[in-house]
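Structure assessment
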Amino acid sequence: MDYVLNLILIIITAIFVNNVVLAQFLGICPFLGVSKKVDTASGMGMAVTAVLLVATIVTFCIQKYVLDVFHLEYLQTIAFILVIAALVQMIEIFLKKTMPALYQALGVFLPLITTNCCILGVAILVIQKEYDLLEGVIYAVGTGLGFLLAMVLFAGLREQLALSRVPKAFEGTPIALVTASLLAMAFMGFSGVDGGLKAVFGL
């Protein structure tokens with residue numbers, strides 16, 4: 001029972017308390033660059049969540065059954081980068097051949113994921129936090145959902161800003177950065193939720 005509650009706590013914390021974009025500042029490039037419309041932001045968020053899930057499983061297995069076994073832990077970063085780049089390419093080819101409709105929807109975003117630092121960050125954090133495979137998968141999914149949530153909220157705000165009168169000096173990137181800052185401050189309201197849940201469930 002405690003293990004299940006711990007998994008629930010991991011996913012809630014990953015989505016709200018330690019949001020990968022708004023709290024840990026990973027994946028800022030797509031957050032600012034692919035968030036002008038809600039549909040493109042949601043597509044990017046879903047693609048990142050899918051790649052996070054697959055990449056976490058593969059990198060976890062490489063760490064535990066290759067790097068740790070042969071004492072090659074110092075190669076972790078470069079090994080993970082190569083694996084993530086290869087995974088994105090394989091997923092792109094797989095989608096193109098088997099699910100053309102989905103490829104058309106996500107194909108534009110898949111190449112951008114190769115350079116998304118939140119993928120590498122999550123893969124490394126799973127190892128640093130000493131999660132087992134299931135905890136790592138839950139953490140990856142939670143992080144992906146947190147990324148999706150941040151992207152959609154930010155895109156919605158930017159769509160509203162496009163219809164609003166903004167001072168000339170703040171048009172474009174400046175108002176986007178101000179909006180992102182306010183959104184990050186809003187998410188700070190979730191800080192301490194994980195501690196409260198631990199106290200309630202006695203974890």
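Residues numbered from 1 in each chain as written. Predicted model: local features only at pLDDT ≥ 70, side-chain atom pairs only at ≥ 80, totals over all residues. Heavy atoms only, no water.

1. Quick notes on the overall build of the protein chain
Across its full length, the protein chain carries ten helices and zero strands. The N-to-C order of helical and strand elements in the protein chain reads α-α-α-α-α-α-α-α-α-α. Across its three principal directions, the C-alpha atoms of the protein chain cover 60 × 50 × 30 Å. Among the 203 residues that make up the protein chain, the fraction classed as buried is 40%. In the protein chain, of all internal contacts separated by at least 6 residues, the share reaching a separation of at least 24 is 78%. Surface summary for the protein chain: the accessible area is close to 10,900 Å², and the carbon and sulfur share equals 71%. Within the protein chain, the 11 negative side-chain charges are centred at a point lying 15 Å from the centre of the 10 positive side-chain charges. (Helix = DSSP H or I, 4+ residues; strand = E, 2+ residues; numbered from the N terminus. Buried < 20%, exposed > 50% of the residue type's maximum accessible area, 1.4 Å probe, protein only. Contact = heavy atoms within 4.5 Å. Areas by Shrake-Rupley, 256 points an atom, 1.4 Å probe, with all protein chains shown as cover. Lys, Arg positive; Asp, Glu negative; His and termini not counted. Charge placed at Lys NZ, Arg CZ, Asp CG, Glu CD.)

2. Thoughts on the environment of Thr143
Among the structural elements, Thr143 can be located in helix 8 (residues 133–162). Spatially, the C-alpha atom of Thr143 lies 26 Å from that of Ala101, the residues being 42 residues apart in sequence. Setting aside chain neighbours within four positions, we find Thr143 in contact with Ala14, Val20, Leu52 and Val122.

3. Observations regarding the nonpolar core
Formed by 49 residues in total, the largest nonpolar core has its most connected members in Phe31, Ile113 and Ile119. Of all elements in the fold, only helix 1 (2–17), helix 3 (38–67), helix 4 (76–98), helix 6 (110–113), helix 7 (117–128), helix 8 and helix 9 (173–187) reach the threshold of two or more residues within this core. Ranked by residues supplied to this core, first place goes to helix 3 with nine residues. Every residue in contact with Phe31, bar those within four places of it in the chain, is listed here: Val21, Leu22, Ala150, Met151, Phe154, Ala180 and Leu183. (Core = buried A, V, L, I, M, F, W, Y, C linked by side-chain atoms within 4.5 Å.)

4. Section: the packing of helix 7 against helix 8
Relative orientation of the contacting elements helix 7 and helix 8 amounts to 150 degrees, with a least axis distance of 10 Å. Taken together, the axis directions place helix 7 and helix 8 in an arrangement best described as roughly antiparallel. Our pair here, helix 7 against helix 8, has a crossing hand that is right-handed. Counted together, Cys118, Val122, Leu125 and Val126 of helix 7 and Gly136, Tyr139, Ala140, Thr143 and Phe147 of helix 8 form the full contact between these two elements. (Axes fitted to C-alpha atoms, helices over the stretch in contact; angles between N-to-C directions. Parallel < 35°, antiparallel > 145°, perpendicular 65-115°, else oblique. Left-handed = near helix turned anticlockwise from the far one by under 90°.)

5. Some words on a nonpolar patch on the surface
A cluster of nonpolar residues, Phe170, Val178, Leu182, Met185 and Met188, forms a patch on the protein surface that exposes about 510 Å² of accessible area. Among the secondary structure elements, Leu182 is positioned in helix 9. (Patch = residues over 30% accessible without salt bridge, like charges linked within 9 Å, V, L, I, M, F, W, Y side chains within 5 Å. Salt bridge = Lys/Arg side-chain N within 4 Å of Asp/Glu carboxyl O.)

6. A look at the packing of aromatic side chains
To describe a pair of aromatic rings, you give the distance between the ring centres and the angle between the ring planes. The final tally for this structure, using the stated rule, is four aromatic pairs. Each ring, one from Phe16 and one from Phe190, has its centre 5.0 Å from the other, and the planes form 40 degrees; the classification is tilted. Residue Phe16 is located in helix 1, and its partner Phe190 is located in the loop between helix 9 and helix 10 (193–201); the two are separated by 174 residues in the primary sequence. Exposure remark for Phe16: the relative accessible area of 29% places this residue in the partly exposed category. Among the residues examined, Phe190 registers a relative accessible area of 31% and is labelled partly exposed. With a centroid separation of 5.6 Å and 55 degrees between ring planes, the pair formed by Tyr131 and Tyr139 is classed as tilted. (Phe/Tyr/Trp six-rings, centres within 6.5 Å; stacked < 30°, edge-to-face > 60°.)

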